[in-house]
Amino acid sequence: GAPLPRLFRCPMRQEPCKAFGHLFPADAALFAAVEAALSGWNLPDCAELSGDLLRIDFEGVFFPLDDVLEAVRPFLTPESAGKIDLIDMEQWTLTRTTFAGTAMTTKTVGLNHVLDYSGH
C-alpha cells in the first residue's frame, strides 16, 4: 500500500522526561540555588527567573527533582506558592510537588489515573 502521510509517522522519543512548573515569590538567591542543583547534573538552562517568579521547563532523559526540591526548601516562606510537575514517560507517572507556604507535598500517580480523571 501507499506510505502513511508524514503526519502519522512518529519518530522514537528521545526525551522520556518532562518537568515544568513555577514558584512564587522567588529571588536571585533561590534562582542561584536551583541553577546550582541543575548544573551539578550538567543540564541545559531550564530554570528562569522572571521578576519574582521562578519557572522550570525541561525535556530530557532525566530531571533531578529531589535535588531541585532540596535546593528550594530553605527559601520557602509563608507566602510561597506553586508547583512542579514531572512526567516520566518510561515509568508512565506524573509526580507533582506543590508548594503552599513552607510546606512541600509530593505525590506520584500513574498517567492512566490522570487521563481517567481528566476525562480522556
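Thresholds, definitions, all that
- Residues numbered from 1 in each chain as written.
- Predicted model: local features only at pLDDT ≥ 70, side-chain atom pairs only at ≥ 80, totals over all residues.
- Heavy atoms only, no water.
- Helix = DSSP H or I, 4+ residues; strand = E, 2+ residues; numbered from the N terminus.
- Contact = heavy atoms within 4.5 Å.
- Areas by Shrake-Rupley, 256 points an atom, 1.4 Å probe, with all protein chains shown as cover.
- Axes fitted to C-alpha atoms, helices over the stretch in contact; angles between N-to-C directions.
- Parallel < 35°, antiparallel > 145°, perpendicular 65-115°, else oblique.
- Left-handed = near helix turned anticlockwise from the far one by under 90°.
- Nonpolar A, V, L, I, M, F, W, Y, C, P; charged D, E, K, R; others polar.
- Pairing = 2+ DSSP bridges.

Enquirer: Please clarify how the overall build of the chain should be interpreted in this entry.
Expert: A tally of regular secondary structure across the chain gives three helices and six strands. Overall, the chain shows an N-to-C arrangement of helices and strands of β-α-β-β-α-β-β-β-α. Within the chain, residue pairs in contact and separated by at least 24 positions form 54% of the contacts whose partners lie at least 6 positions apart. For the chain, the computed accessible surface area is about 7,900 Å², with 57% contributed by carbon and sulfur atoms.

Enquirer: Sorry if this is basic, but what is going on with the packing of helix α1 (residues 28-39) against helix α2 (residues 65-72) here?
Expert: Relative orientation and spacing of two packed helices are given, respectively, by the angle between their axes and the distance between those axes. Packing of α1 against α2 leaves a shortest axis separation of 9 Å and a crossing angle of 155 degrees. Considering their axes alone, α1 and α2 lie roughly antiparallel with respect to each other. Handedness of the crossing formed by α1 with α2: right-handed. Residues L30, A33, V34, A37 and L38 of α1 pack against D67, V68, A71 and V72 of α2. Across the contact of α1 with α2, the residue classes break down as eight nonpolar, no polar and one charged.

Enquirer: Any chance you could explain the pairing of strand β3 (residues 53-60) here in plain terms?
Expert: Successive residues of a regular strand alternate their side chains across the two faces of the sheet. The pairing of strand β1 (residues 17-24) with β3 spans seven bridges and is classified as antiparallel. Bridge assignment links L23 to a residue of β3, and that residue is L54. Across four bridges, the pairing between strand β2 (residues 47-50) and β3 is antiparallel. Bridging from a neighbouring strand, S50 pairs with L53 of β3. Between the antiparallel neighbours β2 and β3 lie two residues, among them G51 with a positive phi of about 65 degrees.

From the geometry alone we can't say anything about function, so treat these as descriptive.
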